[in-house]
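What the coordinates show
Here's the letter readout for the chains.
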Amino acid sequence: MIINGYGKKLIGEVKVPGDKSISHRSIIIGSLAEGNTVVENILMSEDTIRTIQCFQNMGVNIEKGNGTINIKGVGLFGLNKPKSILDCGNSGTTMRLLSGVLIGQKFSTTLIGDESLMNRPMKRIIIPLSKMGGNIGGREDEYPPLEIKPTDDVLQGISYELPVASAQVKSSILLATLYSQGITKIIENKTTRDHTERMLNYFGCNVFNRDREIVMDSNCKLFGKKVYVPGDISSAAFFMVAGTLMEGSNIIIKDIGLNPTRTGIITILNEMGADIKISSERLLNNEPVGNIEVKYSNLKGIQIRGDIVGSLIDEIPIIAVAAALAKGKTIIKNVEELKYKESNRIKAMVTELKKMGAKVEELSDGMIIEGVDFLRPAKLYSYDDHRIAMALSVAALKAQGDSYIDKHQCVNISYPNFYETLFNLIA
Ligand code: S3P
């Protein structure tokens, strides 16, 4: 993909696809509910299609319409043994959340994924799910394939302090709690996205927060609902940064999820000097939604570390692009988890931004970026990681000439029409 946006701006109104995290959860929770669930504005991308296929493989009737799916929920105990191994593709969310469901079933399952997913850490779910009494194992006790087998005894709720800040691990435990006896308490020292808690409550369960503890009573039933999936703030982030960096830009990104566990990108960009405003805020199926207005602005470097990191973990690659063109130094710390995403996102961004003449230093848990006045066009590599491809595309828009993004098709993981939408906004 060749990109050159030099001297151009972004103008107009844009809608981005439905939130990936909420889409996965609506498929999972809708399948386990009693009665029908209709999900509007669902993200149809490679990752969410994997989750749909896994549940179809276990006998759930899921019909796809235009941006909508209809799920005939089978209830907590209505899944069938899958006809084949469950292939989660590139999707860590599918594998980790599904494991929490499969641990409570009366049949065995095997979960696999693509080359990237087969090398991502799974001990983080194996440990708590085993503590609940589940039977789950992986290659070298750490990696997929995951083998999950039924147990004679009923699972037990646990009290568990999360060793890594991970919404996928938290969600896996909460879903396993649906198949357990007693109460589960999860201690979370760093806040992570709470879409699972919100959706379980919306479908009829009782999950609540007490200080740093998330408490769930296993005694609950899920009932089918109508869900509208808000636009994905992680996808909107690419336009927020592009609009901020491209002189003369003025855009409105409509109907975006504004869950406070996800809005760190807005806080940080505004702290850097961006002109980003929120309008038309409202609550839809327990999730805050609103419009995001972005105008061109000059940025300055800042420090990003501590608790806010959980609310912008997927946005670090695009924040690195903003920092590369900000005035002064940006220090990003406490993001070691980025090494274990679809690619090593610290290394990927440091390597590729350097090719463009950015001043970036790699740290063991982050990076230091000294802003420059302009970026050079370059041949850039996506590492087959959707968020790296989109972040580098925004960087390429600001370079003085043609840049080339190798393996750009991986944007299909979370945002199939990314390039079409971006090019339509360029004026
Ligand atoms: C996700 C949680 C985060 C995030 C991922 C989606 C989720 O991962 O990076 O893109 O939907 O729960 P971790 O839980 O590994 O931090």
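Reference entry: report on the structure contained in this document. (Residues numbered from 1 in each chain as written. Predicted model: local features only at pLDDT ≥ 70, side-chain atom pairs only at ≥ 80, totals over all residues. Heavy atoms only, no water.)

Topic: the nonpolar core
Nonpolar side chains tend toward joint burial in soluble globular proteins. The criterion, for reference: Among buried residues, the Ala, Val, Leu, Ile, Met, Phe, Trp, Tyr and Cys ones that are joined through side-chain atoms within 4.5 Å form a nonpolar core. Buried means the residue's accessible area, taken with a 1.4 Å probe over protein chains only, is under 20% of the maximum for its type, while exposed means over 50%, and partly exposed covers the values in between. Any two residues having at least one pair of non-hydrogen atoms within 4.5 Å are treated as being in contact.
In terms of nonpolar packing, the biggest core is built from 78 residues, with Phe239, Met240, Ile253 and Leu353 touching the most fellow members. The residues touching Phe239, leaving out its near neighbours within four places in the chain, are Leu10, Val14, Val16, Ile251, Ile253, Tyr415, Phe418, Thr421, Leu422 and Leu425. In terms of nonpolar packing, the next biggest core, distinct from the first, is built from 60 residues, Val39, Ile103, Leu117 and Cys220 among them.

Focus on the sheet that holds strand β16 (residues 226-228)
Worth spelling out the cut-off: What makes two strands pair is DSSP finding at least two bridges between them. A run of H or I in DSSP counts as a helix once it spans at least four residues, and a run of E counts as a strand once it spans at least two, with each numbered from the N terminus. Here the axes come from fitting lines to C-alpha atoms, over the contacting stretch only for helices, and the angles between their N-to-C directions go from 0 to 180 degrees.
Strand order in the open sheet formed by 4 strands is β4-β5-β3-β16, and the pairing between neighbours is mixed. Edge positions in the open sheet fall to β4 (61-64) and β16, since each of these has one partner strand only. Taking the axes of each pair of neighbouring strands and ignoring which way they run, one obtains an average angle of 15° across the sheet. As judged from the 7 bridges shared by strand β3 (residues 34-40) and strand β5 (residues 68-74), these two strands associate in the antiparallel manner. For Glu40, the partnering residue across the bridge sits in β5 and is Thr68.

Things to note about the layout of surface pockets
Stated precisely, the cut-off is as follows: Both site types are read off a 1 Å grid over the protein atoms alone. A 1.4 Å probe that fits but cannot get out defines a cavity, while an open set with protein on both sides within 12 Å along at least five of seven lines defines a pocket; lining residues have an atom within 4 Å of a point. Grid points are joined across faces, edges and corners, and a volume is the space filled by probe spheres set on the points. Side-chain classes follow a simple rule in which Ala, Val, Leu, Ile, Met, Phe, Trp, Tyr, Cys and Pro form the nonpolar group, Asp, Glu, Lys and Arg form the charged group, and the remainder, Gly included, forms the polar group.
Of the pockets and cavities examined, the largest pocket occupies roughly 780 Å³. Lining the largest pocket are 42 residues, with Ala165, Ser166, Ile313, Glu337 and Lys341 sitting closest to its centre. Breaking the lining of the largest pocket down by element, the ones donating at least two residues are α1 (20-32), α3 (92-102), α5 (167-177) and α11 (386-397). Classifying every residue of the lining of the largest pocket by side-chain character gives 9 nonpolar, 13 polar and 20 charged.

A word on the site of the ligand
Going by this rule: It suffices for a single heavy atom of a residue to lie within 4 Å of a molecule or strand for the residue to be listed as near it. Residues adjacent in sequence count toward polar contacts only when both atoms are side-chain atoms; beyond that, a polar contact is any pair of N or O atoms within 3.5 Å, and within protein one must be able to donate a hydrogen and the other to accept it. Accessible surface is estimated by sampling points in the Shrake-Rupley manner with a 1.4 Å probe; for residues, cover comes only from the protein chains shown.
Around the ligand lies a shell formed by Ser21, Arg25, Thr93, Arg96, Ala165, Ser166, Ala167, Gln168, Arg193, Ile313, Asp314 and Lys341. Residue Arg25 places a side-chain N or O atom 2.6 Å away from an oxygen atom belonging to the ligand. Taking Lys341, its side chain carries an N or O atom lying 2.7 Å from an oxygen atom of the ligand. Here the ligand loses 95% of its free accessible area of 390 Å² to cover by the protein chains.

Describing the pairing of β5
A regular strand places its side chains on the two faces of the sheet in alternate fashion. Both β4 and β5 contribute to a ladder of 4 bridges, which runs antiparallel. Its bridge partner being in β5, Asn61 is matched across the sheet by Lys72. From the end of β4 to the start of β5, which pair antiparallel, there are 3 residues, and Gly67 there has a positive phi angle of about 75°.

Some points on the packing of α3 against helix α4 (residues 123-131)
Selection rule: In what follows, roughly perpendicular refers to angles from 65 to 115 degrees, roughly parallel to angles under 35, roughly antiparallel to angles over 145, and oblique to any angle outside these ranges. Handedness of a crossing follows from how the near helix is turned relative to the far one, being left-handed for an anticlockwise turn of less than a right angle and right-handed for a clockwise one.
For the pair α3 and α4, the least separation of the axes is 10 Å and the interaxial angle reads 15°. Relative to α4, the element α3 lies roughly parallel. Between α3 and α4 the crossing geometry is right-handed. In contact with Arg96, Ser99 and Gly100 of α3, α4 contributes Arg124, Ile125 and Leu129. Among the residues forming the contact of α3 with α4, the class breakdown is 2 nonpolar, 2 polar and 2 charged.

Concerning the pairing of strand β15 (residues 213-217)
Most of β15 sits inside the fold, with 4 of its 5 residues counted as buried. When strand β13 (residues 183-187) meets β15, the two strands line up antiparallel, connected through 5 bridges. Within β15, the position partnered with Lys185 by the bridge is Val215. Where strand β14 (residues 207-210) and β15 come together, 4 bridges link them in antiparallel fashion. Within the sheet, the bridge partner assigned to Phe208 lies in β15 and is Val215. Count of turn residues in the β14/β15 antiparallel hairpin: 2 residues, of which Asp211 carries a positive phi of about 50°.

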